[in-house]
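# Reading the structure
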Amino acid sequence: MWTKEDEIEFFLSSIKNNIDIQNLFYKIKDSYFAYIPKNNENNIATLQSRNAIIGSWTEKWCKDLLEETAKQNNLYAINGVICEELGLSKQSSADLAFCTTNDIYQIPDNIKVIFEIKMSIVNNYKYETNNKEPIIHYYGDYKSHKGMPSLRRSDSVLKAIGKAINIRVSSEKANSIPIIILGNTNVSENYLNKIDHLGKYGIIQKVISLNPNINENNCSKDKFFITPNDETELSSILNDILKMDLHYFSTMIDMENLAKIIKDSVLYDDNEKIVQYFLDAIKGV
């Protein structure tokens with residue numbers, strides 16, 4: 001899945017498409033780096049211009065990676081899905097979704113899974129030229145620079161969670177749609193338990209790192225954050241989620257009312273009727 005070669009390809013393809021070097025690299029003295037090396041003590045402003053470029057590139061990269069899994073389920077992998085009913089507007093569309101029709105504009109019933117993508121350059125690189133040909137040298141892993149890539153950034157994780165919550169509260173029709181966050185790093189220690197809690201409460205179904213080359217914090221205790229080893233394992237995880245008949249619900253009610261709803265729901269002799277009564281009852285409290 002995600003490798004150093006993908007990162008080098010991002011830089012080379014961006015340069016080929018005439019993206020200015022200073023929108024891709026930090027200029028430190030006479031050298032260009034993907035990130036500020038840790039041994040550099042200069043106060044250098046954060047490079048913001050690369051965010052949108054790498055965002056678009058990784059969204060397409062994920063679509064290419066997951067397209068076969070979508071086809072196996074008779075679905076289409078689509079970037080930039082818009083569904084106003086789910087809070088997915090032109091300004092805040094779904095980075096990627098599996099849908100029953102091959103259209104950007106969708107209705108909730110046609111959307112089978114929503115992916116929020118939080119990926120970036122992980123390692124550090126140095127840019128040089130040789131006879132005007134660009135050369136990208138690997139310079140060090142994510143521990144060698146001052147950047148906080150992908151899921152290691154608190155704001156990236158929080159933005160992804162916030163978008164998932166916005167989808168969940170926009171419409172009851174979001175209740176059956178799985179939401180998966182994709183990244184390309186591990187998660188910092190203080191977010192592993194939080195992700196498990198979000199998974200247990202159904203806000204999200206998985207946070208998945210597509211970078212199996214990082215061998216620390218690559219799985220949370222309850223496996224709502226997970227790092228598949230290869231595309232086969234990733235496809236298996238997604239297929240399992242797509243097969244589930246999921247239903248999200250959330251409420252806060254007093255124990256007496258909750259006990260009554262549970263007791264009344266089990267009076268039905270059909271599982272579907274039990275579930276439907278319970279869900280209807282907690283909505284009416």
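Preceding this section is the structure that the text describes.
Residues numbered from 1 in each chain as written. Predicted model: local features only at pLDDT ≥ 70, side-chain atom pairs only at ≥ 80, totals over all residues. Heavy atoms only, no water.

Burial of nonpolar side chains together is a common tendency in soluble globular proteins. Judged by nonpolar contacts, the single largest core of 31 residues is most densely connected at Leu86, Ile111, Ile114 and Ile204. Those elements that place two or more of their residues in this core are strand E3 (76-81), strand E4 (94-99), strand E5 (111-118), helix H3 (154-170), strand E8 (179-183) and helix H4 (189-200). For this core, the element with the most residues is H3, which contributes five residues. For Ile114, the contacting residues outside a window of four places in its chain are Leu86, Leu88, Ala94, Leu96, Ala97, Ile167, Ile177, Pro178, Ile179 and Ile180. If you look at the next biggest cluster of nonpolar residues, it comprises 27 residues, including Leu66, Met119, Ile214 and Ile226. (Core = buried A, V, L, I, M, F, W, Y, C linked by side-chain atoms within 4.5 Å. Buried < 20%, exposed > 50% of the residue type's maximum accessible area, 1.4 Å probe, protein only. Helix = DSSP H or I, 4+ residues; strand = E, 2+ residues; numbered from the N terminus. Contact = heavy atoms within 4.5 Å.)

Right, let's talk about the packing of aromatic side chains for a bit. This structure, assessed with the given rule, holds twelve aromatic pairs. Every member of this aromatic cluster is reached through a ring pair, and the members are Trp2, Phe10, Phe11, Phe25, Tyr32, Trp57, Trp61, Tyr125, Tyr127 and Tyr138. Directly above the aromatic system of Tyr35 lies the positively charged group of Arg50, at a separation of 4.9 Å from the ring centroid. (Phe/Tyr/Trp six-rings, centres within 6.5 Å; stacked < 30°, edge-to-face > 60°. Lys NZ or Arg CZ within 6 Å of the ring centre and 35° of its normal.)

What follows is about the sheet that holds E5. Judged by pairing direction, the sheet is mixed, and its six strands sit side by side in the order E3-E4-E5-E8-E9-E10 without closing on themselves. At either end of the open sheet lies a strand with only one pairing partner, and these are E3 and strand E10 (225-226). In terms of strand pairing, E3 meets E4 through five bridges, oriented antiparallel. Residue pairing across strands places Tyr76 opposite Cys99, the latter belonging to E4. (Pairing = 2+ DSSP bridges.)

What follows is about the pattern of salt bridges. Counted by the stated rule, this structure contains seven salt bridges. The salt bridge partner of Lys118 is Glu116, with a shortest N-O separation of 3.7 Å. As far as the burial class goes, Lys118 and Glu116 line up, both buried. As a salt-bridge pair, Asp155 and Arg153 come within 2.8 Å of each other at their nearest N and O atoms. By relative accessible area, Asp155 is classed as partly exposed at 29%. The structure contains a network of salt bridges with shared partners spanning Glu116, Lys118 and Lys163. (Salt bridge = Lys/Arg side-chain N within 4 Å of Asp/Glu carboxyl O.)

On the secondary structure map, Ser209 appears in strand E9 (residues 206-209). The exposure class assigned to Ser209 is buried, which follows from its relative accessible area of 1%. Of the polar contacts made by the side chain of Ser209, one reaches the backbone oxygen of Thr185; its length is 3.1 Å. In this structure the side chain of Ser209 is engaged in a polar contact, spanning 3.2 Å, whose partner is the backbone nitrogen of Asn211. Setting aside residues no more than four positions away along its own chain, Ser209 makes contact with Gly183, Asn184, Thr185, Asn186, Phe225, Ile226, Thr227 and Pro228. (Polar contact = N/O pair within 3.5 Å; in protein donor to acceptor, adjacent residues only side chain to side chain.)

Let us now look at a negative patch on the surface. On the surface, Asp245, Asp269, Asp270 and Glu272 cluster together into a patch of negative charge. Inspection of the secondary structure assignment puts Glu272 in helix H7 (residues 271-284). (Patch = residues over 30% accessible without salt bridge, like charges linked within 9 Å, V, L, I, M, F, W, Y side chains within 5 Å. Areas by Shrake-Rupley, 256 points an atom, 1.4 Å probe, with all protein chains shown as cover. Lys, Arg positive; Asp, Glu negative; His and termini not counted. Charge placed at Lys NZ, Arg CZ, Asp CG, Glu CD.)

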